[in-house]
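These are the residues of each chain, in order.
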Amino acid sequence: MADKDYLLLRTMECPVCGEKFKYPTVKASSSKLIGTDKDLRPIHDRLDVNKYDAIMCPICGYSAITRYFEGVADIQKKKIREKICSGFKSRGELPEEYSYDIALEHYKMALLNAVVKEAKHSELAYICLKISWIYRGIAEQTGQFSSHYPGIKETEKEFTEKAYQNFTEALGSENFPMCGMDETTVDFLLANLAEITGRYDDAGKLVSKILVSPSAPARIKDKARDMKEELLDRKKE
Ligand SMILES: [Zn+2]
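These remarks concern the structure in this document.

The rules we used
Residues numbered from 1 in each chain as written. Predicted model: local features only at pLDDT ≥ 70, side-chain atom pairs only at ≥ 80, totals over all residues. Heavy atoms only, no water. Core = buried A, V, L, I, M, F, W, Y, C linked by side-chain atoms within 4.5 Å. Buried < 20%, exposed > 50% of the residue type's maximum accessible area, 1.4 Å probe, protein only. Helix = DSSP H or I, 4+ residues; strand = E, 2+ residues; numbered from the N terminus. Contact = heavy atoms within 4.5 Å. Disulfide = S-S within 2.5 Å. Donors = N, O, S within 2.8 Å, 3.2 Å for Na, K, Ca; no water. Tetrahedral: all angles 85-135°; square planar, octahedral: opposite > 155°, others 65-115°. Phe/Tyr/Trp six-rings, centres within 6.5 Å; stacked < 30°, edge-to-face > 60°. Lys NZ or Arg CZ within 6 Å of the ring centre and 35° of its normal.

## Concerning the nonpolar core
Residues F21, Y62 and F167 are the most contacted members of the largest nonpolar core, which totals 75 residues. No other element matches helix α4 (residues 121–142), which puts 12 residues into this core. Setting aside residues no more than four positions away along its own chain, F167 makes contact with S122, A125, Y126, L129, M178, C179, M181, L189, L190 and L193.

Next up, the structure:
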């Protein structure tokens, strides 16, 4: 079945240009979560839901991750109109389902918009993390050595790295919840990103922080304990 069998079209009023447009979103009941990767990428049975979490207004080019789309300040709108909308060619409407190419374009536009509007580090981190998930989805679908996406694993890593750096900045300067996540979840995510990017000492520190936290739930503490073991094994190697 095609993606569109699991999607439904919603209407959004763009906060930047004021026009209404339809965008596809995943029907809550139509696909099941069958797992998550170490960096919390959700895996569903029927489709890659991650393709549908960046929205691009097809009329003016304003783009953001769904949870941030409507929350844009007047000063940010002004910057976006000047630097994004003025050079954007209207497309009329969005496709009813997304290929990876389309999804990637929307996420990269979201990243560009975030830079232009001077978004917080957490928002930049979240977009970069999701772009890394899109590249991973492409690699799983096409194989790592697709001629259409040369160096795809390296590109995925670059975005994981950017996500790590921005989340680290955010941790020192922003409050929780961060991108909808509480402190323990962000610490756990960051520990995993540190491990993926080869920062084993930093990963160890974050894991220890979770293990001594009085508010961390038992299920995350269990995962943190497993990770501590893995990190110790790695040190022995
Ligand atoms: Zn718009």
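## Looking at the state of the cysteines
Disulfides are covalent bonds that link the sulfur atoms of two cysteine residues. Considering all chains together, one arrives at 0 disulfides under this definition. Free cysteine: C128, not disulfide-bonded; nearest cysteine sulfur from C179 at 11 Å.

## Description of the coordination of the zinc ion
For the zinc ion, every protein donor is listed as C14 (SG), C17 (SG), C57 (SG) and C60 (SG), and the spread of their distances is 2.3 to 2.4 Å. Coordination at the zinc ion is tetrahedral, judged from the 4 donor atoms that bind it and the angles of 105 to 114° they form at the metal. The sequence pattern formed by the donor residues of the zinc ion is C-x2-C-x39-C-x2-C. With C17 in the loop between β1 (7–13) and β2 (20–26) and C57 in the loop between β5 (54–56) and β6 (63–65), this pair connects stretches of sequence that are 40 residues apart. On the basis of relative accessibility, which here comes to 30%, the residue C17 falls in the partly exposed class. Residue C57 is classed as buried on the basis of its relative accessible area of 0%.

## Description of the side chain of N166
Looking at where N166 falls in the secondary structure, it is placed in helix α5 (residues 152–173). Beyond its immediate stretch of four places on either side in the chain, N166 contacts H121, L124 and A125.

## Re the packing of aromatic side chains
Where two aromatic rings form a pair, the distance of their centres and the angle of their planes describe that pair. Taken as a whole and judged by the stated rule, the model has 6 aromatic pairs. Here Y52 and Y98 contribute two aromatic rings whose centre-to-centre distance is 4.9 Å and whose plane-to-plane angle is 20°, an arrangement assigned as stacked. In this pair, Y52 is assigned in the loop between β4 (42–44) and β5 and Y98 in the loop between α2 (74–83) and α3 (100–116), connecting sequence segments 46 residues apart. The exposure class of Y98 is buried, given its relative accessible area of 3%. When the centroid spacing of 6.5 Å and the interplanar angle of 85° are considered together, the rings of Y68 and Y126 count as edge-to-face. Note that Y68 is positioned in helix α1 (residues 66–69) and Y126 in helix α4, a separation of 58 residues in sequence. Comparing Y68 with Y126, the two get one shared label, buried. Each residue in the set F21, Y23, Y62 and F69 is aromatic and connected to the rest through ring pairs, giving one cluster. Sitting above the plane of the F159 ring, K162 keeps its charged end 4.6 Å from the centroid.

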